[in-house]
Amino acid sequence: MQLIECPNCGKREEIEFHYGGQAHIAYPEDPAATTDHEWSDYLFFRDNPKGPFAERWYHGGGCRRWFNAVRDTTSYRFLAVYQPGERMPALPGTRVTR
Amino acid sequence: MLDTTPGTAPGAALPDHPDFLWRNPDPKKVYDVVIVGGGGHGIATAYYLASRYGITNVAVLEKGWLAGGNMARNTTIIRSNYLWDESSGIYEHSLKMWEGLEEDLGYPLLFSQRGVLNLAHSLQDVRDSKRRVNANVLNGVDAEWVDADGVKELCPIVNISPDVRYPVLGATYQPRAGIAKHDYVAWGYARAASALGVDLIQNCEVTGLDVRGGRVVGVQTNRGTIAAGKVALAAAGHSSVVAGFAGIRLPLQSHPLQALVSELLEPVHPTVVMSNAVHVYVSQAHKGELVMGAGVDSYNGFGQRGAFHIIERQMSAAIELFPVFARAHLLRTWGGIVDVTPDASPIVSLTDVSGLYLNCGWGTGGFKATPGVGDTFAATIANDAPHPLVAAFTLDRFRTGALVDEHGAAAVAH
Ligand SMILES: Cc1cc2nc3c(=O)[nH]c(=O)nc-3n(C[C@H](O)[C@H](O)[C@H](O)COP(=O)(O)OP(=O)(O)OC[C@H]3O[C@@H](n4cnc5c(N)ncnc54)[C@H](O)[C@@H]3O)c2cc1C
Ligand SMILES: [Zn+2]
């Protein structure tokens, strides 16, 4: 089983975690003011890269807190973990999303 | 018979290689239509372009081996008992095509209409199931509600005891649903398409789309540039990557989806049983393996493999439903990459780039659609206008909000 390193608790088994999809997607400040295109972007469109991806994870079986991770979607290896609100760490060959 | 006489060269008495089912040509410089992705959908689309819509100068480009993606990895459930009119339209069209497909292709497909039971485990399940049965009947799709005893009659090994975590309260039943042999389906289409002049080109990965003045003019591949009048994308799990070559962003997430088979057993399971609540579905292949699938792994993944705890949960669900499986041995597990949309309905669509067509988002349930997609996507490409049966499945629906929300409604995957 894959071990995931929670920034608060350290390495724990994958089943303790929940996936939260792409990280760094902010809720629109004034949703009523968005165009249909902007609103549908927020609702339905997420990146789907083959390779490093900045995403949110929730450690439900431990500290019960959300954190961010950069994970390679091909090898499934975690390349970095960091706190929400922090910038995605620069990794060689990785594009910062948003 | 193998000749084992001492002194004979090994293999000397083996039969010749059987005839190849399709030609293996090198790519030409230019085609009328290039299809990206040699899975079931790509090959079937090419076949109908040639056989129904008169376009034979067609290439299917496949980065690996033909049908080595989800086509060779799915659990082959075929049914059309979806809730919404748009869905039952395309899936029922497909099921009707399955019913004449062996004859059309002149090839055995082991298509077996053994029926499918979609189990209900809670009062809400029961209400949703009955609603779906009624919707199906209104759409001319065969469907009935059966109670727990009816389930037992159709599939005697199902545990209908009330004493389990998720008791079986009944099921929807579609008698015309069933399974087919996925490899044979791919081979049957490939053989027929090749005979009509379609070039099926393996080990040919598309690495770029050439767009000039808003129009697609060809593709870049690891075997050189290929010019094309039209380009049709049928890359399933890799659709986001390939559409990205033309700057098109898709509302898709690619997930691992796993399945498994047991060792070969005597026939014990006469139909197909699916349960969304306990996340398992089971049929028994002609050879005798129990074929089981589960839900997707939660994270995005392009690795064609998933986590073992998904398999573990799926097996515990299977054993609760089918106690006799407790002694069966697991033979093999594997995974594919499925492209999931927010509303769990496919995207079959024109794009902002003229001459570039999309077929993707079939997620966990596109095998059953293979003939139906092949036909309607081919018509969409040939006429440069959506076939009526896929007109609701545009990319634009995620902008207008006209979703076809099968996720919550049908409450079943695959
Ligand atoms: C475990 C599992 C169980 C399933 N069970 C069912 C089921 O019971 N019933 C059902 O209806 N559906 C089921 N499905 C879903 C079904 O398999 C898919 O929806 C369907 O196969 C998708 O269409 P396809 O056959 O064309 O895809 P694929 O066979 O995946 O074809 C896409 C092809 O595109 C190729 N490709 C990708 N990128 C490129 C590129 N850049 N250049 C060239 N080629 C490229 C890939 O190599 C691949 O061969 C299941 C899927 C899985 C994984
Ligand atoms: Zn933690």
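From a predicted model like this one, the values you see are computed outputs, not experimental measurements.

Caption draft 1: Representation of the overall build of chain B within the structure. Each helix and strand in chain B was counted, giving eleven helices and 18 strands. Considering only C-alpha atoms, chain B reaches an extent of 75 × 65 × 40 Å along its principal axes. Expressed as a percentage of its 414 residues, the buried residues of chain B come to 57%. A total of about 16,600 Å² of accessible surface is found on chain B, and carbon and sulfur atoms cover 54% of it. For chain B, the distance from the average site of its 31 positive side-chain charges to the average site of its 39 negative ones is 4 Å.

Caption draft 2: Representation of the nonpolar core. Residues and elements named next belong to chain B. Grouped together as the largest cluster of nonpolar side chains are 51 residues, with contacts concentrated most on Ile35, Trp98 and Tyr189. By residue number, the principal contributor to this core is helix α1 (residues 40–51), which donates seven residues. Apart from the residues lying within four places of it in its own chain, the contact partners of tyrosine 189 are Ile43, Ala44, Tyr47, Tyr48, Leu101, Leu105, Thr370 and Pro371. Of all hydrophobic cores here, the second largest spans 31 residues; its members include Cys204, Val242, Ala243 and Leu356.

Caption draft 3: Quick peek at the coordination of the zinc ion (ligand 2). For the zinc ion (ligand 2), every protein donor is listed as A:Cys6 (SG), A:Cys9 (SG), A:His59 (ND1) and A:Cys63 (SG), and the spread of their distances is 2.0 to 2.3 Å. Geometry at the zinc ion (ligand 2) is tetrahedral, judged from its four donor atoms and the angles of 105 to 121 degrees they form at the metal.

Caption draft 4: Local environment of the site of ligand 1. Residue and element names in this part refer to chain B. Around ligand 1, the surrounding shell holds 39 residues, and the nearest of these are Glu62, Met71, Thr75, Gly366 and Lys368. In this structure, threonine 364 approaches ligand 1 through a main-chain N or O atom, which is 3.1 Å from a nitrogen atom. When residues of the shell around ligand 1 are traced back to their parent elements, those giving at least two are α1, β12 (253–264) and β16 (330–340). Tallying contributions element by element places β12 first for the shell around ligand 1, with three residues.

Caption draft 5: Molecular detail of the sheet that holds strand β3 (residues 18–22) of chain A. Residues and elements named next belong to chain A. Strand order in the open sheet formed by four strands is β3-β4-β5-β6, and the pairing between neighbours is antiparallel. A single partner strand is all that each edge strand has here, and the edge strands are β3 and β6 (78–82). When the angles between neighbouring strand axes are averaged without regard to direction, this sheet yields 30 degrees. Note that β3 and strand β4 (residues 52–58) share three bridges and pair antiparallel. Across the sheet, histidine 18 pairs through a bridge with tyrosine 58, a residue of β4.

Caption draft 6: Region of interest: the pattern of salt bridges. All names here are of chain B. Counted by the stated rule, this structure contains 14 salt bridges over all chains. We note a salt bridge from glutamate 99 to arginine 176, for which the minimum N-O separation is 2.9 Å. Taken together, the positions of glutamate 99 in the loop between α2 (85–98) and α3 (101–105) and arginine 176 in the loop between β6 (170–174) and β7 (178–179) put the pair 77 residues apart, joining distant regions of the chain. We note a salt bridge from lysine 287 to glutamate 289, for which the minimum N-O separation is 3.4 Å. Owing to a relative accessible area of 7%, glutamate 289 belongs among the buried residues under this scheme. Through salt bridges with shared partners, a single ionic network connects Glu92, Lys96, Glu99, Asp142 and Arg176.

Caption draft 7: Here's a closer look at the packing of aromatic side chains. This model, assessed by the stated rule, comprises 20 aromatic pairs over all chains. Ring centres of B:Trp98 and B:Phe367 lie 5.4 Å apart, and the angle between their planes is 45 degrees; on these two criteria the pair is classed as tilted. Taken together, the positions of B:Trp98 in helix α2 and B:Phe367 in the loop between β18 (356–360) and α9 (370–383) put the pair 269 residues apart, joining distant regions of the chain. Taken as a pair, B:Trp98 and B:Phe367 share a single burial class, namely buried. By the ring-pair criterion, three or more aromatic residues cluster together here, those being A:Tyr19, A:Trp57, A:Tyr76, A:Phe78 and B:Tyr299.

Caption draft 8: Region of the structure containing the interface of chain B and chain A. Of the residues lining the interface, 25 residues belong to chain B; the matching set on chain A comes to 24 residues. Contact with chain A buries surface across chain B, with B:Arg249, B:Tyr299 and B:Arg399 losing the most and accounting together for 35% of the total. Linking chain B with chain A are three salt bridges, by the criterion used here. For B:Arg249, the salt bridge is made with A:Asp41, and the minimal N-O distance between the two is 3.9 Å. Our count for the chain B to chain A interface comes out at 16 residue pairs in polar contact (both at pLDDT 80 or more). Looking at the side of chain B that touches chain A, the elements that each hand over two or more residues are α7 (239–244), β12, α8 (308–321) and α10 (397–400) of chain B. Sort the elements by how many residues they give to the side of chain B that touches chain A and β12(B) lands first, with three residues. In the side of chain B that touches chain A, the residues fall into eleven nonpolar, ten polar and four charged.

Caption draft 9: A look at the environment of B:Ala148. All names here are of chain B. Of note, alanine 148 is situated in helix α5 (residues 148–154). In sequence terms alanine 148 and lysine 96 are 52 residues apart; their C-alpha atoms lie 29 Å from each other. When residues no more than four places from it in sequence are discounted, the contact partners of alanine 148 are Ile160, Val168, Leu169 and Gly170.

Caption draft 10: How the structure looks around the side chain of B:Asn74. All names here are of chain B. Relative to the elements of secondary structure, asparagine 74 occurs in the loop between β2 (58–61) and β3 (77–78). Judged by relative accessible area, which is 17%, asparagine 74 ranks as buried. Here methionine 71 takes part through its backbone oxygen, which lies 3.1 Å from a polar atom of the side chain of asparagine 74. The residues touching asparagine 74, leaving out its near neighbours within four places in the chain, are His182 and Phe367.

Caption draft 11: Up close: the packing of α2(B) against α9(B). All names here are of chain B. Direction vectors running N to C along α2 and α9 enclose 110 degrees, while the axes themselves pass 7 Å from each other. In terms of orientation, α2 lies roughly perpendicular with respect to α9. Contacts between α2 and α9 involve Ile90, His93, Ser94, Met97 and Trp98 from the former and Thr370, Pro371, Gly372, Asp375 and Thr376 from the latter. The residue inventory of the contact of α2 with α9, partitioned by class, reads four nonpolar, five polar and one charged.

Scoring rules and cut-offs
Residues numbered from 1 in each chain as written. Chains lettered and ligands numbered in written order. Predicted model: local features only at pLDDT ≥ 70, side-chain atom pairs only at ≥ 80, totals over all residues. Heavy atoms only, no water. Helix = DSSP H or I, 4+ residues; strand = E, 2+ residues; numbered from the N terminus. Buried < 20%, exposed > 50% of the residue type's maximum accessible area, 1.4 Å probe, protein only. Areas by Shrake-Rupley, 256 points an atom, 1.4 Å probe, with all protein chains shown as cover. Lys, Arg positive; Asp, Glu negative; His and termini not counted. Charge placed at Lys NZ, Arg CZ, Asp CG, Glu CD. Core = buried A, V, L, I, M, F, W, Y, C linked by side-chain atoms within 4.5 Å. Contact = heavy atoms within 4.5 Å. Donors = N, O, S within 2.8 Å, 3.2 Å for Na, K, Ca; no water. Tetrahedral: all angles 85-135°; square planar, octahedral: opposite > 155°, others 65-115°. Near = heavy atom within 4 Å. Polar contact = N/O pair within 3.5 Å; in protein donor to acceptor, adjacent residues only side chain to side chain. Pairing = 2+ DSSP bridges. Axes fitted to C-alpha atoms, helices over the stretch in contact; angles between N-to-C directions. Salt bridge = Lys/Arg side-chain N within 4 Å of Asp/Glu carboxyl O. Phe/Tyr/Trp six-rings, centres within 6.5 Å; stacked < 30°, edge-to-face > 60°. Buried area = accessible area lost by both parts, 1.4 Å probe. Nonpolar A, V, L, I, M, F, W, Y, C, P; charged D, E, K, R; others polar. Parallel < 35°, antiparallel > 145°, perpendicular 65-115°, else oblique.

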